[in-house]
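So the chains spell out like this:
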Amino acid sequence: MPKRLKETMIRSDFHMHTAASEDSDAPAVEMCEAAVQRGLAAVAITDHVEMLRYREDGYDMAAAQSWAASGEMAAQFAGRLRVARGVELGQPLYNLAESERLLSEHAYDFVLASQHQLDDGLDFYFYDYTSVDVTATMARYFDAVYQMVQWGKFHSLAHLTYPFRYLPPEKRPADYAAWQPQIDAILRTLAQKGLALEINTSGLRNPALRTTHPDLPIVRRFRELGGEHITVGADAHIPADVGAHIPDALALARAAGFDHYTVYFAGQPEMIPID
């Protein structure tokens, strides 16, 4: 049974990157200091570990660096900030043996699963969307996410609508109708497995988007399909973004029908009342 905390915890941010991630130069200590300064009570350090070319691209070394740094931060900030030792595991099914080995060798507090790319190894950030069939490509993406959720050896599914971050306005669909059966299958499976859905606030920092990933309709649908656990994360890569828009994510969660959000320590969910 998930632990339900009686006292409301100050805000938490369960998605952040440090210098162990290839797209961040931020020392872990500066990210944690920023969290303390903003009045957060808990964070998860979730550095990127992409699995398609895990050893070839040095993600094995990144994982070791992040594991060591997050352990140091948990000890250094004890009594001021709860620091979860986490990982953002990218495309775990594309290198399943190494993924499961990594998880067996590290007792992560929190595992965030991501699908940043398809099996061509190209992150959606780098797509030339002028020549992309968005409907077909997103169908392939949601199928890959569904397979990952069926595997289910993680705690929360990161930024379900990740590719939509990068679609140019003329390619951006008005809604998710073309993929709703696939999305429902993903959300239903998460709910059945007792896994969490992340509300990622990074899109709120982008003036061209001004939305969370996923947005309210999908979060509400997750609740309708029996979802119980929501995690919230700013996806910060610099100290200035730590905790950014977390109150907005919690307001969205409440609007979707949730009265708690969830943090994870020792792999166990702790349900925090939303103020």
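Cut-off values and rules
Residues numbered from 1 in each chain as written. Predicted model: local features only at pLDDT ≥ 70, side-chain atom pairs only at ≥ 80, totals over all residues. Heavy atoms only, no water. Buried < 20%, exposed > 50% of the residue type's maximum accessible area, 1.4 Å probe, protein only. Helix = DSSP H or I, 4+ residues; strand = E, 2+ residues; numbered from the N terminus. Pairing = 2+ DSSP bridges. Arc of directions from axis to C-beta. Contact = heavy atoms within 4.5 Å. Core = buried A, V, L, I, M, F, W, Y, C linked by side-chain atoms within 4.5 Å. Phe/Tyr/Trp six-rings, centres within 6.5 Å; stacked < 30°, edge-to-face > 60°. Lys NZ or Arg CZ within 6 Å of the ring centre and 35° of its normal.

A.B. asks: With reference to specific residues and values, describe the pairing of strand 6 (residues 110-114).
C.D. replies: Across the five residues of strand 6, five count as buried, placing the element largely inside the fold. Burial along strand 6 is two-sided: the residues Phe110, Leu112 and Ser114 and Val111 and Ala113 are all buried. The pairing of strand 5 (residues 82-90) with strand 6 spans five bridges and is parallel. By the bridge assignment, Gly86 is partnered in strand 6 with Phe110. Here strand 6 runs beside strand 7 (residues 156-157); their pairing, made up of two bridges, is parallel. By the bridge assignment for strand 7, Ala113 is matched with Leu157.

A.B. asks: Could you give me a rundown of helix 7 (residues 246-255), with the residues and numbers involved?
C.D. replies: In an α-helix, one turn spans 3.6 residues; hence positions three or four apart end up facing the same way. Among all positions of helix 7, only Ile246, Ala249, Leu250, Leu252 and Ala253 are buried. Along the axis of helix 7, the buried residues cluster in a sector spanning 160°; they form a single face. Its buried side turned inward, helix 7 meets strand 2 (12-16), strand 8 (196-200), helix 6 (216-224), strand 9 (229-233) and strand 10 (260-265). Downstream of helix 7 by a residue or two, Gly257 has a phi angle that is positive, lying close to 110°.

A.B. asks: With reference to specific residues and values, describe the nonpolar core.
C.D. replies: Counting 69 residues, the largest nonpolar core has Phe154, Leu157, Leu160, Leu190 and Leu197 as the members making the most contacts within it. In terms of residue count, helix 4 (residues 134-151) provides more of this core than any other element does, nine residues in total. Ignoring sequence-local partners within four residues, the contact set of Leu160 consists of Tyr141, Phe142, Val145, Ile183, Ile186, Leu187, Leu197, His213, Pro214 and Ile218. The next biggest cluster of nonpolar side chains, apart from the first, holds 16 residues, and it includes Val43, Ile45, Ala236 and Val242.

A.B. asks: Got a sec to walk through the packing of aromatic side chains? Specific residues and values, please.
C.D. replies: Enumeration over the complete set of coordinates arrives at 17 aromatic pairs. For the pair Phe124 and Tyr141, a centre-to-centre distance of 5.4 Å together with 90° between the ring planes defines the contact as edge-to-face. Taken together, the positions of Phe124 in the loop between strand 6 and helix 4 and Tyr141 in helix 4 put the pair 17 residues apart, joining distant regions of the chain. Per residue, the accessibility class of Phe124 equals that of Tyr141, and both read buried. Here Tyr162 and Tyr166 contribute two aromatic rings whose centre-to-centre distance is 5.3 Å and whose plane-to-plane angle is 80°, an arrangement assigned as edge-to-face. If you follow Arg223 out to its NZ or CZ, it ends over the ring of Phe258, 5.2 Å from the centre.

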